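# A closer look at the structure
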Amino acid sequence: MNYTLKKIQAAENWKELSPFLFFYRKISVIFTWFLLKAKFTPNKISALSVIFGIFAATGFATGEKETIFLGGIMSQIYMILDCTDGYIARVKKICTKFGAVYDVVKDVFVNNVVLLGIGIGLYIQTQRLEILLIPFLALFGMNMTVVTHNTQMMVFRDEPLRDSSVMKELGSRKKFLREIMIKSALSGSFQYFIIGIGAFIDKLLWSTVILAIFQNIYWISLVFLIYISNRNQRIRK
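Our next topic: the pattern of salt bridges. Applying the stated criterion to the full structure yields five salt bridges. For the salt bridge of D85 with K106, the shortest nitrogen-to-oxygen distance reads 3.3 Å. Taken as a pair, D85 in helix α4 (residues 65-91) and K106 in helix α5 (residues 97-126) lie far apart in primary sequence, 21 residues in all. A salt bridge links K106 to D107; its shortest N-O distance comes to 3.5 Å. One network of salt bridges, in which partners are shared, links D82, D85, D103, K106 and D107.

Below, the discussion takes up the nonpolar core. In this structure, F60, V114, Y192 and I195 are the most contacted members of the largest nonpolar core, which totals 35 residues. When residues of this core are traced back to their parent elements, those giving at least two are α2 (19-37), α3 (42-61), α4, α5, α6 (133-156), α10 (188-200) and α11 (204-236). With eight residues, α4 is the largest single contributor of residues to this core. Not counting the four nearest positions on each side in its chain, I195 is found in contact with F60, S75, V114, L115, I118, L204, S207 and L211.

For α4, which comprises 27 residues, the first-to-last C-alpha distance of 39 Å matches the rise-based estimate of 39 Å (1.5 Å per residue) to within 8%. Within two residues after α4, K93 carries a phi angle of roughly 55 degrees, on the positive side.

So, about the confidence of the model for the protein. Within the protein, residue pLDDT values average 78, and 73% of them lie at 70 or more. Here residues 160-170 is modelled with pLDDT under 50, and outside its nearest four sequence neighbours on either side it reaches 30 contacts, counting other chains as well.

Between the first and last C-alpha of α5 there are 44 Å, a value that for 30 residues agrees with the 44 Å anticipated at 1.5 Å per step. Listing the buried residues of α5 in full gives G99, K106, D107, V110, N111, V114, L115, G117, I118, G119, G121 and L122. Immediately beyond the C-terminal end of α5, within one or two residues, lies Q127, with a positive phi of roughly 60 degrees.

Take L70: it is sitting in helix α4. Among the residues examined, L70 registers a relative accessible area of 48% and is labelled partly exposed. For the pair L70 and F60, spaced 10 residues apart in sequence, the C-alpha to C-alpha distance is 8.5 Å.

Let us now look at the packing of α4 against α5. The geometry of α4 relative to α5 is characterised by a closest axis approach of 12 Å and an angle of 170 degrees between their N-to-C directions. Here α4 lies roughly antiparallel to α5, going by the angle between them. Seen from α4, the contacting residues are I68, Y78, D82 and D85; seen from α5, they are D103, K106, D107, V110 and Q125.

Attention now goes to a nonpolar patch on the surface. A cluster of nonpolar residues, F69, L70, I73, I197, F200 and I201, forms a patch on the protein surface that exposes about 510 Å² of accessible area. Top element by residues in the nonpolar patch is α4. It accounts for three residues. Looking at where F69 falls in the secondary structure, it is placed in helix α4.

Cut-offs and rules
Residues numbered from 1 in each chain as written. Predicted model: local features only at pLDDT ≥ 70, side-chain atom pairs only at ≥ 80, totals over all residues. Heavy atoms only, no water. Salt bridge = Lys/Arg side-chain N within 4 Å of Asp/Glu carboxyl O. Helix = DSSP H or I, 4+ residues; strand = E, 2+ residues; numbered from the N terminus. Core = buried A, V, L, I, M, F, W, Y, C linked by side-chain atoms within 4.5 Å. Buried < 20%, exposed > 50% of the residue type's maximum accessible area, 1.4 Å probe, protein only. Contact = heavy atoms within 4.5 Å. Expected span 1.5 Å × (residues − 1). pLDDT = per-residue confidence, 0-100. Axes fitted to C-alpha atoms, helices over the stretch in contact; angles between N-to-C directions. Parallel < 35°, antiparallel > 145°, perpendicular 65-115°, else oblique. Patch = residues over 30% accessible without salt bridge, like charges linked within 9 Å, V, L, I, M, F, W, Y side chains within 5 Å. Areas by Shrake-Rupley, 256 points an atom, 1.4 Å probe, with all protein chains shown as cover.

Pasting the structure below:
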């Protein structure tokens, strides 16, 4: 089948993307076109992305400016490939439950490896054991984001985001959480954009601080929305 760039882009709802994800998806269109020509499957691309994620972590773990910069490049390629595997699955219409689970497991694994690499690198640079608390909090927030978001999507089927009573009760706070935090994707695209910027300007510590703050705000806020929605449903019953 002849896959054109136009057909590939048509598989995405561009209006629903966050600014960060829009950036990576636009670049991944080219990768998708090339890998479709090479007859790569989504799962093979996922495996390839893991390799780049490990390369990124290795570069960060050295604590050296040059290899951290290379690690930043590897992390961006990982994120682009992470978008590409989903693109190919949608374009070829071969989305499977195994692929969905595999993708989540892959993301969690790479997140852990990358933050571990960043933590080792920061320790090598500073020789301060307490510095490891920052990447630990960032990693905790990233993992809790994945768990909370995917649990909400599978179990509650996005109810906290669509419940009109929640919208009414939370008002502008609800709109803020939905439009800024959720649609701005405090997920893979946000994480690796921040990590990449930090690696390129040799400020990974500050990138990790940002992740530690916002990732934990995200999952705590989502749990709060789920609680409000569940409480309102009980009241209506």
